Amino acid sequence: MVSFLLSVTFACGVVIAVAHVINARFIAPVYDVVANLVAFVSAVAASVMLGHWIPAGLSSLAVVCWLGLARRTWRALRNRDAAPAGERVSAH
């Protein structure tokens, strides 16, 4: 039962992370990226220690998505800082 509930929880997290990745305009705030990476890395570690491999795999997929979002956020912040004052920079 624990493995099933963890799988449902982490599957929902994967759906949210994938939706953010698909939405190319979405730029996650830094605190959101950090909090989600910490949460999902912790979930992977806990699931592995409990021997719950499906939840660990789902959490790992979420980690990969959040790493991609972290890269997108970092690039957007870097581009924003490099833009002249008053110029709007797109998320791409």
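Placed above this text is the structure.
The notes below deal with the structure included here. Nothing here was measured: the structure is a model prediction, and the numbers come from that model.

1. Some remarks on the overall build of the protein chain
Right, so step 1: When helices and strands are counted, the protein chain shows three helices and zero strands.
Right, so step 2: Listing every helix and strand of the protein chain by position from the N terminus yields α-α-α.
Right, so step 3: In the protein chain, which comprises 92 residues, the share counted as buried stands at 30%.
Right, so step 4: Of the roughly 6000 Å² of accessible surface on the protein chain, a fraction of 70% belongs to carbon and sulfur atoms.

2. A short note on the nonpolar core
Right, so step 1: Among the nonpolar cores identified, the biggest contains 16 residues, and Phe10, Ala28, Val33, Leu37, Phe40, Val63 and Trp66 are the most heavily contacted of them.
Right, so step 2: Mapped onto this core, the elements with two or more residues apiece are helix 1 (2-22), helix 2 (30-50) and helix 3 (53-82).
Right, so step 3: The element best represented in this core is helix 3, accounting for six residues.
Right, so step 4: When residues of this core are assigned to domains, at least three fall in each of domain 1 (1-51) and domain 2 (52-82).
Right, so step 5: Non-local contacts of Val63, meaning those with residues more than four positions away in its chain, are made with Leu37, Phe40, Val41 and Val44.

About the criteria used
- Residues numbered from 1 in each chain as written.
- Predicted model: local features only at pLDDT ≥ 70, side-chain atom pairs only at ≥ 80, totals over all residues.
- Heavy atoms only, no water.
- Helix = DSSP H or I, 4+ residues; strand = E, 2+ residues; numbered from the N terminus.
- Buried < 20%, exposed > 50% of the residue type's maximum accessible area, 1.4 Å probe, protein only.
- Areas by Shrake-Rupley, 256 points an atom, 1.4 Å probe, with all protein chains shown as cover.
- Core = buried A, V, L, I, M, F, W, Y, C linked by side-chain atoms within 4.5 Å.
- Domains from an automatic or database assignment.
- Contact = heavy atoms within 4.5 Å.

By themselves, these figures tell us nothing about what the structure is for.
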